[in-house]
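Residue-level listing of the chains:
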Amino acid sequence: MIAVRHLVKSYGRVEAVRDLSFDVRPGVVTGFLGPNGAGKSTALRLMLGLDRGGGTTTFGDRPYHRIARPLRVVGAVLDAAAFHPTRTARNHLRLLAASAAVDDARVDDVLDLVGLADAADRRPGGFSLGMGQRLALAAALLGDPEYLILDEPANGLDPEGIQWLRHLLEHLAAQGRCVLVSSHLLAEMALLAHDLVVIGQGRLIDAGTVDDFVGRFTRRVAVVRSPQAGLLAAVLHQAGAGPVGQEPDGSLLVVDGDLPTIGDLAARHGIALHELSVRTPSLEEAFLEATASSGQYRAGAWA
Amino acid sequence: MGVSGAVAVGGAGGAVRDAVRMEVRRLTTVRSTAVLLAIALLLGPLLCLLFALLLPVRSMSGDDTATVLTVGGDVAPLSVVGALLGVLGAVTVSHDYRYGLVRSVLAAVPRRGALMAARLTVLGVLAAGTATLVSVLGAVLCALSGRRPLLDTATLRVMAFQMVVVAGWAWLGAGLGWLLRHAGGVVAVLLVLPLAVEPVLILASQFGPAAFLAPVVQWLPFASARHALGRQLATADGTVGALPAVGAFAAATALVVGLAWLRVRRADA
């Protein structure tokens, strides 16, 4: 398990990370979410001792700086473009492998694993963002680590690459590894992550499973379509259901509406129903609700 | 892939050994190293030969030999080989920051002191080896051209100090690289100090208003590097001998590296 305790980091008077604590369980992928400027990347760097701040992070029972040959224990992707542009992909990995006494044969293995075998002897200065991301991922996997910390690993990947990454991370987690992934791709995170850590303005907003998070920050909405929508709305209101809203197409939206109750009410009043369904709240809706007051950078209204 | 067990090996010594392996690969897998070393190993011996051929007599004195085999290091304000290795030190460090490699490298070797020690060790060995090779190739070229160098004990000691001075240049470049994080800035400092600042101070110290500088200017870092390549270990006339001069240059280098260590230890990657 990765145990993060009381991380703090300030830049002058700006508190980037404030008393941040959470756990990352083995065997599942944990998503690390937050609006722009929430402190996600700073927190990841603090966990690895790259930035100077307060708090502790232990991998198993050891802080990062106490781990000998850390690439064999913790793999990290922090920046997709962190390579010398004229050093070949293979040599980039070989120099990192040397720091952890990892066999050179492993370099070719991970290049093959991330789909860069054909580009092994190319200079990464000419790589696309997606190829750079794959090279960074190869570096993270070099030591076959038990813990993976990935900052926006899907950036620059095409849809096929994103799908490949999802399968890879699911596979790695299924082997019992701890996988912490920060991402802005909420739809992708909904498919990938089992657990979530959500932060805003450097503070923990929520931590737990995706289902619990969505349940906590959204409300179940029943969708009802009827040719007698006005009458049905009045009946629902009278019965205390709701609040009840209406979509432009005339459908009624009943917040926290219970489907059997709505169906029974309609039947009792002889109201025909054309649709009675539940709109499943999305991770995006939950995220926007959870971080509504935490966004640091918001665009102005347009149109 | 299977889940690996955490591998706990070595302490600080193990970390330095691992980091040395990484640094060797880092230096040998990038073009700038090869280019700078090639320039040093081509230009250095050719300049040795040129200096030798400019001598009016065919038999070289000990002073001539020291000047020729240090590529003018004991008389010129700038050591050609030293400056090239200084640039190598600067580029090696500042490219980490320029290309964002510093985080990958520190993630691989989180003990920052071990990383610095490894990098300075590898740079020092490379610089000393290059300095030796330049002198040896220069001596061979001189001998082949009929100018026989005088390789007495004092000259061999100058060669040894040349290794120290060139290694010092490489460490200065690396130390300034950690402090400034920008290769251009480091190269500017490495050129402007010996070519402009120090000569102006030395010149000024010879005139009335700035005469108080006279006892100080002979200990300036690059002036000391120059004195260190003289054949006199110590002098009785008040001028700086080679031994105290090499000490002064080493102290200046240690100061820069020490400041760099403070910065690297405390700064965010």
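The notes below deal with the structure included here. Position labels on residues start from 1 in each chain and follow its written sequence. Going through the entries in the order they are written, you letter the chains from A and number the ligands from 1. Note on the predicted model: pLDDT of at least 70 is required for a residue's local features to be given, and 80 or more for side-chain atom pairs to be given and counted; whole-chain, interface and lining totals, by contrast, use all residues. Calculation of side-chain values draws on the structure's entire complement of heavy atoms; hydrogens and water are dropped beforehand.

## Focus: the overall build of chain A
Logical step 1: Secondary structure counts use DSSP, requiring at least four H or I residues in a row for a helix and at least two E residues in a row for a strand, with both numbered from the N terminus. Helix and strand counts for chain A stand at ten helices and 14 strands.
Logical step 2: Positive: Lys, Arg. Negative: Asp, Glu. His and the chain ends are not part of the count. The atoms used to mark charge sites are NZ of Lys, CZ of Arg, CG of Asp and CD of Glu. Of the charged side chains in chain A, 29 are positive and 34 negative, and the gap between their average positions amounts to 7 Å.

## A look at the sheet that holds strand β4 (residues 54–59) of chain A
Residue and element names in this part refer to chain A.
Logical step 1: Following DSSP output, two strands are said to pair if at least two bridges run between them. Taking strand neighbours across the sheet as the criterion, the four strands line up as β2-β1-β4-β5 in an open arrangement whose pairing is antiparallel. Looking at the sheet topology across the chains shown, the edges are occupied by β2 (14–24) and β5 (62–63).
Logical step 2: Pairing of strand β1 (residues 2–11) with β2, which is carried by seven bridges, proceeds in the antiparallel orientation. By the bridge assignment, L7 is partnered in β2 with L20.
Logical step 3: We call two residues contacting when some pair of their heavy atoms lies within 4.5 Å. Inter-axis angles, ranging from 0 to 180 degrees, are taken between N-to-C directions of lines fitted to C-alpha atoms, where helices are fitted over the stretch in contact. Relative to the sheet, helix α1 (residues 40–47) contacts β1, β2 and β4, its axis offset from that of β1 by approximately 115 degrees.

## Focus: the sheet that holds strand β10 (residues 203–209) of chain A
Residues and elements named next belong to chain A.
Logical step 1: In spatial order, the strands read β6-β7-β8-β3-β9-β10; together these six strands make up an open sheet with mixed pairing. This sheet does not close on itself; its edge strands, each paired only once, are β6 (74–77) and β10. On average, each strand axis in the sheet is inclined to that of its neighbour by 15 degrees, with strand direction left out of account.
Logical step 2: Judged from the six bridges that link them, strand β9 (residues 195–200) and β10 form a sheet pairing that is antiparallel.

## Considering the pattern of salt bridges
Logical step 1: Salt bridge, as used here, is a side-chain nitrogen of Lys or Arg placed within 4 Å of a carboxyl oxygen of Asp or Glu. Tallied over the full model, the rule gives 20 salt bridges over all chains.
Logical step 2: Between E247 of chain A and R279 of chain A there is a salt bridge, and its shortest N-O distance comes to 2.8 Å. You can see E247 of chain A sitting in the loop between β12 (244–246) and β13 (252–255) and its partner R279 of chain A sitting in strand β14 (residues 275–279), a full 32 residues away along the chain.
Logical step 3: Among the ionic pairs, D96 of chain B bridges to R26 of chain B, the shortest N-O distance being 2.6 Å. Linking D96 of chain B in helix α4 (residues 80–98) with R26 of chain B in helix α1 (residues 12–28), this pair joins segments that are 70 residues apart in sequence.
Logical step 4: Overall, D96 of chain B belongs to the buried group, its relative accessible area being 3%.
Logical step 5: Each of E23, R26, D96 and R119 of chain B takes part in salt bridges that share partners, so that together they form one network. Relative accessibility under 20% of the residue-type maximum defines a buried residue, over 50% an exposed one, and the middle range a partly exposed one, all with a 1.4 Å probe and only protein chains included.

## Section: the packing of α4 of chain B against helix α7 (residues 153–180) of chain B
Residues and elements named next belong to chain B.
Logical step 1: Contact geometry for α4 and α7: axes closest at 7 Å, N-to-C directions at 30 degrees. Looking at the two axes, α4 sits roughly parallel to α7. Seen from above, α4 lies across α7 with right-handed handedness. When α4 is examined against α7, the residues V81, G82, A83, L85, G86, G89, A90, V93 and Y97 are found in contact with a partner set consisting of V166, W169, A170, G173, A174, G177 and W178. Orientation is classified from the angle alone, with under 35 degrees giving roughly parallel, over 145 giving roughly antiparallel, 65 to 115 giving roughly perpendicular, and any other angle giving oblique. Two helices that cross are described as forming a left-handed crossing if the nearer one is turned anticlockwise from the farther one by less than a right angle, and a right-handed crossing if clockwise.

## Notes on the interface of chain A and chain B
Logical step 1: In this complex, chain A contributes 44 residues to the contact, which on the side of chain B involves 35 residues.
Logical step 2: In this description, buried area is defined as the sum, over both parts, of the accessible area (probe of 1.4 Å) that is lost when the two are combined. Of the roughly 3,600 Å² buried where chain A meets chain B, counting both sides, 54% is carbon and sulfur surface.
Logical step 3: Broken down residue by residue, the surface that chain A buries against chain B is led by L50, R52 and R87 of chain A, which jointly contribute 16%.
Logical step 4: For the pair chain A and chain B, the interface holds three salt bridges.
Logical step 5: A salt bridge links K9 of chain A to D268 of chain B; the shortest N-O distance between them is 2.8 Å.
Logical step 6: Of all elements in the fold, only β1, α2 (89–99) and α3 (104–113) of chain A reach the threshold of two or more residues within the side of chain A that touches chain B.
Logical step 7: No other element matches α2 of chain A, which puts seven residues into the side of chain A that touches chain B.
Logical step 8: Lys, Arg, Asp and Glu make up the charged group, whereas Ala, Val, Leu, Ile, Met, Phe, Trp, Tyr, Cys and Pro make up the nonpolar group; the residues left over, Gly among them, are polar. For the side of chain A that touches chain B, the residue count by class is 19 nonpolar, ten polar and 15 charged.

## A few points about unusual backbone geometry
Logical step 1: Not every positive phi belongs to a glycine, and E152 of chain A is a case in point at roughly 50 degrees.
Logical step 2: Its place among the elements puts E152 of chain A in the loop between β7 (147–151) and α5 (159–174).
Logical step 3: Here V71 of chain B, not a glycine, exhibits a phi torsion of approximately 55 degrees, which is positive.
Logical step 4: Looking at where V71 of chain B falls in the secondary structure, it is placed in the loop between α3 (62–69) and α4.
Logical step 5: For V71 of chain B, a relative accessible area of 2% puts it in the buried group.

## Focus on a negative patch on the surface
Residues and elements named next belong to chain A.
Logical step 1: A surface patch of like charges, here negative, comprises D103, D109, D112 and D118.
Logical step 2: Inspection of the secondary structure assignment puts D112 in helix α3.
Logical step 3: You can call D112 exposed: its relative accessible area is 54%. Patches here are clusters of residues that have more than 30% relative accessible area and form no salt bridge, with a 9 Å joining cutoff for like charges and a 5 Å cutoff for nonpolar side chains (Val, Leu, Ile, Met, Phe, Trp, Tyr). The Shrake-Rupley method, run with a 1.4 Å probe sphere, supplies the accessible areas, and residue values consider only the shown protein chains as cover.

## Structural notes on the packing of α4 of chain B against helix α6 (residues 112–144) of chain B
Axis angle and axis distance: for two packed helices, these are the angle between their axes and the distance between the axes, and together they describe the pair.
All names here are of chain B.
Logical step 1: Contact geometry of α4 with α6 gives a least axis separation of 10 Å together with a crossing angle of 155 degrees. The orientation of α4 with respect to α6, classified from their angle, is roughly antiparallel. Here α4 and α6 pass one another in a crossing that is right-handed. Seen from α4, the contacting residues are V81, L85, L88, G89, T92, V93 and D96; seen from α6, they are R119, L123, L126, A127, T130, A131 and V134.
Logical step 2: By residue class, the composition of the contact of α4 with α6 is nine nonpolar, three polar and two charged.

## Some remarks on the environment of L259 of chain A
Residues and elements named next belong to chain A.
Logical step 1: For L259, the position within the fold is in helix α9 (residues 259–268).
Logical step 2: Residue classification places L259 among the partly exposed residues on the basis of a relative accessible area of 21%.
Logical step 3: As a C-alpha pair, L259 and L276 span 17 residues in sequence and 6.9 Å in three-dimensional space.
Logical step 4: Beyond its immediate sequence surroundings of up to four residues, L259 is in contact with R220, A222, L276, S277 and V278.

## Section: the packing of aromatic side chains
All names here are of chain A.
Logical step 1: Each aromatic pair joins two rings of Phe, Tyr and Trp (for Trp, the six-membered one) with centres within 6.5 Å, and gets the label stacked for planes under 30 degrees apart, edge-to-face for over 60, and tilted for any other angle. For the structure shown, the criterion picks out five aromatic pairs over all chains.
Logical step 2: Between F59 and Y64 the ring centres are 5.9 Å apart and the planes differ by 65 degrees, which places this aromatic pair in the edge-to-face class. Considered together, F59 and Y64 belong to a single accessibility category, that of buried residues.
Logical step 3: Through a chain of ring-to-ring contacts, three or more aromatic side chains come together here, namely F59, Y64 and Y147.
Logical step 4: Over the face of the ring belonging to W164 we find R134, whose NZ or CZ atom lies 4.8 Å from the ring centre. The rule is short: NZ of Lys or CZ of Arg within 6 Å of the ring centre and within 35 degrees of the ring normal puts a charge over the ring.

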